[in-house]
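Per-entry structural report
In case you want the letters, here they are:
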Amino acid sequence: MSASAGALGSVYGRAKFPPGAAAVKPGDSNLAARLRRACEGDVLFDAFSRGRYSTDASIYQIEPIGVLLPKRAADIETAIAIAREEGVPVLPRGGGSSQCGQTVGRALVVDTSKYLRGVLSLDTENRRVRVEPGLTLDGLNKRLRGTGLFFPCDISTGSRATLGGMAGNNSCGSRSIRYGNMVHNVRAIDCVLSDGTRASFGEVPEDLGALDGPERYRDLVGTMRGIAAGIAGELASDRWPKLLRRVGGYNIDMIRPHEVYGLGRNQAGHNMAKLLVGSEGTLGFFTGLELDLSPVPPARTLGICHFPTFYQAMAAVKHIVGLDPSAVELVDRTMIELARDIAIFRPTVDRFVRGEPDAVLLVEFSGDDAGVQRRKLARLVELMGDLGFPGSVVDAIDPAFQSAIWEVRKQGLNIMMSMKGDGKPVSFIEDCAVPLEDLAEYTDRLTRIFHKYGTKGTWYAHASVGTLHVRPIINLKDPGGAATMRAIAEEAFAMVREYKGSHSGEHGDGLVRSEFHEPMFGSAIVRAFENVKDSFDPDGLFNPGKIVRPPKMDDRSLMRFPPGYRTAPIETALDWSAWGGFAGAVEMCNNNGECRKADAEVMCPSYRATGDEMHLTRGRANTLRLALSGQLGPEALLADAMHDTMDLCVGCKGCKRECPTGVDMARMKIEFRHAWNRRHGLSLGERLIAHLPRYAPYAAALAPALNLRNRVPALAALGESWFGLSRRRSLPAWRRDWFRDTEAIAANAKADTCGNGRAVALFVDTFTRYFEPENARAALAVLTRAGYDVVVPAAPEGGRSLCCGRTYLAEGLVDEARAEAARLLAALKPYVARGVKVVGLEPSCLFTLQDEFLALLPGAEAEALAANAAMFETFVAEEAESGRFAPAFAPLSIRTALVHGHCHQKAFAAMGAVATVLRLVPKLEVKVVESSCCGMAGAFGYEAAHHDVSMKMAEISLLPAVRAATPDTVLVADGTSCRHQIHDGTGRTAVHVARVLEQAVAAGGRSEGDQMETG
Ligand SMILES: Cc1cc2nc3c(=O)[nH]c(=O)nc-3n(C[C@H](O)[C@H](O)[C@H](O)COP(=O)(O)OP(=O)(O)OC[C@H]3O[C@@H](n4cnc5c(N)ncnc54)[C@H](O)[C@@H]3O)c2cc1C
Ligand code: SF4
Ligand code: SF4
């Protein structure tokens, strides 16, 4: 990889360790073999895995020597011992979401996030919990549900940030003004030191004679006290920022805090765990953490304060914090405008933003008593009047409204990150903290510095504690980009120093900030930091080059885009022009790690099932980027290791919607498969899947014979050995009564409604047509009964039935898919030209019209079709809303519907319509399963090689929810493969939403209580 030799020299140029570093090369097979023999867990030393661990959410890239994912804490100890003997540094890692380069280095990277995710003990009475370091913040808070307690360091990356990493960085959240930083919430840390000593770092008494623990630990405590005493004067001086948001350097202020902060001497002893917090993996390896929990505040109110100018907003913060808010967060005009541009956020923004303010402050009050929080909100309104902004506060009392507002604040950042092109918002001064009285002047001056360097930034986040996030836009591929970054950093930090502020106020030091400790803290304090490091880790085993003895922050050889970075131009099958080419789309991944989350949304199901970086959107994007830029050797793009990297991507499009920068891995997989096929060809099974639309009419004619495969195990076994289709699966059954286009004419003629004169084009996809024609018939019945003239567009006389080409896309046969798309586009063109809506039933097919068609056949025709196409339920919901769809619905015998959304419905934010139309059925209670991908994903789950992982994906949430549903619940799933998976996994039957509506419409003409099929 490109950062290799140069990186090694500069990273370790001033470090002691490791003397033999040059001898231990990345991928060292001796080290790998020793680790495999001695440790349980995953040992990843191949070039592709090393590449995936060479970046974090910073601008840097350094190839590690290898990666270990330990299964037990004991494996960490063993690995440290082996690394010490082999002369290899050790780099602890959690989610790798650090923004400053803390988790990249020429070292053995030890990632705890896969296996070490346990809660070790919970003491609700004393509000304490002990956890393993790889557990995420959200994972912990999920487990605390129902206890009335939570862990309150609410950082934005809580979905993937591990508690080990949060402690490593001394992370802080939006509500730090109320709850403090990690350092204020960590009680004790179990730590392995570089010499192998295991010690529990925690409270130590004033009298060290009474201290328990290994001798080495007791020595360290004494040494730390000595170091702190030696620089007491410096720490008490202006050199040490007296702000909550000081996370730079080591927390030596925590050894004698009464002296540093001028407090009365109210403590006996100190807490050694606080010194480890914020140490960025440089002092020891945390194997367990004891944390303080807080009660969940039952009452919250939110006031949105509007300001005509940004400056006025900044000047008001110091007054607002006097009202004891739990958060004061800034959203500036650019963010507001960006959020207004997103359809799903516009209604919320229009509700909480009045007019065109230059900035708003979101001011939250929280506590036990709702009345108190309302009174505080009233005081906020008064205060704003006193400050000269009467009538400028919008109240948000309703919790759902509050959540929607917080969501907009989060997503606004995501939109900023989605900027295409080489200039990107770069994080390097984004968490400076200044005293509140200087906030207005500081932001004003920094904006002027940006202008001086021909750039700009968008401001947001933690106004309450003087930490505003801002990322100037810089092109780091440009040779001058790093120099601009450095120049801005130097001017910004000098200004921060003037204000007695903190240059590192949230995200830590890493490679980007450590170099500035000397000018900011002064040499005496930095020498003390070095003493701390050397006392803990005399050989410099742990994470060298961070906090002390760092390289230059603008050393381009350490960056993701080093000098000479170039991507090879490749011939692509799809249109990537919006990103300036395929490489531009791949480079959109900035490693923020959102794809590691495990919440109710979709992204990334393969990672959720395996826990492997390789099966993560980020892992795939990084691997593609490294291959495209030649950093994984020649031909890497078509190597088996690349195939393995892309293999478990199920094309769910979760990332297209949920990745903050819009990395569209599903589309990239099509491109990859296309290139792969050209080199390696397709297997028999892949051909069978791809060409389904072509042979479907003949197969349907042979339905009874072909369907025997599902009843005769020997045939299933034969299918597995010939085609790779799992014998453990049933296959969709062919139907002789497949849907004929002429059925629409008959249905229209039969419709005895008075007709509303509106035409609708029903696109019947290949799966619906040949496997479940009853769904098309149901949709036809519902629409004709509601008075629509339904036409089913057909191919010109004698032509094969229309198809969107989905199966060809799934197998990377882009040219064949394009031919299908062209046929469909031509057939639908007359309807689209007349403004007739094109309605589809199968999500993966309908959304192909709105997504891949634009990349297959870019141009006005595809765009017009995309704008005119809709899922059946979206069409019905919109028509019902406007009063045009109003057939008589009657209640069904079933009173509950449980809905599972297809990934593409979720990716296109179309799930709401399913619940909306089901609610048209009187007395039907609608519940939606919080599920990711069902695991079937078209043909993916049918393949023998994917069967197990497919079932694992389904078992994460979908199948347990289905099993828990009462037998009289109707299970609704629009995806044909989702319905199949539900049946295979639980034996229960799910139906398309059109079938539920059909029953209710039919019942509307009969008496209440007609039978509906249940799951
Ligand atoms: C979009 C975005 C938003 C962010 N928002 C916030 C925010 O609101 N607040 C905030 O504070 N930060 C924020 N961050 C920064 C980052 O997410 C946090 O610092 C987070 O806590 C890091 O957790 P992690 O598991 O990814 O740790 P990693 O990045 O993997 O590691 C962090 C540090 O801890 C060390 N470490 C990890 N595990 C151990 C261990 N077991 N023993 C010893 N050391 C260990 C590592 O060596 C490293 O130095 C944000 C980052 C991004 C990309
Ligand atoms: S793929 Fe998207 S969500 Fe995942 S790390 Fe990259 S940018 Fe973040
Ligand atoms: S398409 Fe789905 S499986 Fe593939 S990377 Fe994106 S979220 Fe993951």
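Reference entry: report on the structure contained in this document. (Residues numbered from 1 in each chain as written. Chains lettered and ligands numbered in written order. Predicted model: local features only at pLDDT ≥ 70, side-chain atom pairs only at ≥ 80, totals over all residues. Heavy atoms only, no water.)

**A word on the sheet that holds strand E15 (residues 327-332)**
One open sheet accounts for six strands, arranged E17-E14-E16-E15-E19-E20; its pairing is antiparallel. The sheet terminates laterally at strand E17 (393-396) and strand E20 (467-470), the two strands that pair on one side only. Strand after strand, the sheet turns through a mean of 20° between neighbouring axes, direction not considered. Bridge count between E15 and strand E16 (residues 359-367): six bridges; the pairing is antiparallel. Bridge pairing links Leu330 to Leu361 in E16. (Pairing = 2+ DSSP bridges. Helix = DSSP H or I, 4+ residues; strand = E, 2+ residues; numbered from the N terminus. Axes fitted to C-alpha atoms, helices over the stretch in contact; angles between N-to-C directions.)

**Here we look at the site of ligand 1**
The environment of ligand 1 is made up of 34 residues, and the closest members are Pro92, Gly94, Ser97, Ser98 and Thr157. Within the backbone of Pro92, a nitrogen or oxygen atom sits 2.6 Å from an oxygen atom of ligand 1. Within the contact set of ligand 1, a nitrogen atom lies 2.9 Å away from a backbone nitrogen or oxygen of Phe286. Residue assignment for the shell around ligand 1 shows that the elements contributing at least two residues are strand E3 (90-93), helix H6 (163-169) and strand E12 (285-292). Per-element tally for the shell around ligand 1: the top contributor is H6, with five residues. (Near = heavy atom within 4 Å. Polar contact = N/O pair within 3.5 Å; in protein donor to acceptor, adjacent residues only side chain to side chain.)

**Thoughts on the packing of aromatic side chains**
Tallied over the full model, the rule gives 25 aromatic pairs. Among the aromatic residues, those joined into a cluster by ring pairs are Phe310, Tyr442, Phe450, Trp459 and Tyr499. Note that Arg351 overlies the ring of Phe401, its terminal NZ or CZ placed 3.7 Å from the centroid. When the ring centre of Phe561 is taken as origin, the NZ or CZ atom of Lys477, which lies over that ring, is 5.1 Å away. (Phe/Tyr/Trp six-rings, centres within 6.5 Å; stacked < 30°, edge-to-face > 60°. Lys NZ or Arg CZ within 6 Å of the ring centre and 35° of its normal.)

**Considering the pairing of E12**
Of all eight residues in E12, eight are buried; the element is thus mostly enclosed. For strand E6 (residues 128-131) and E12, the ladder comprises four bridges, and the chain directions are antiparallel. Paired with Val131 across the strands is Leu289, a residue of E12. Taken together, the six bridges between strand E8 (residues 186-192) and E12 define a ladder with antiparallel strand orientation. The partner of Asp190 across the bridge, within E12, is Gly288. (Buried < 20%, exposed > 50% of the residue type's maximum accessible area, 1.4 Å probe, protein only.)

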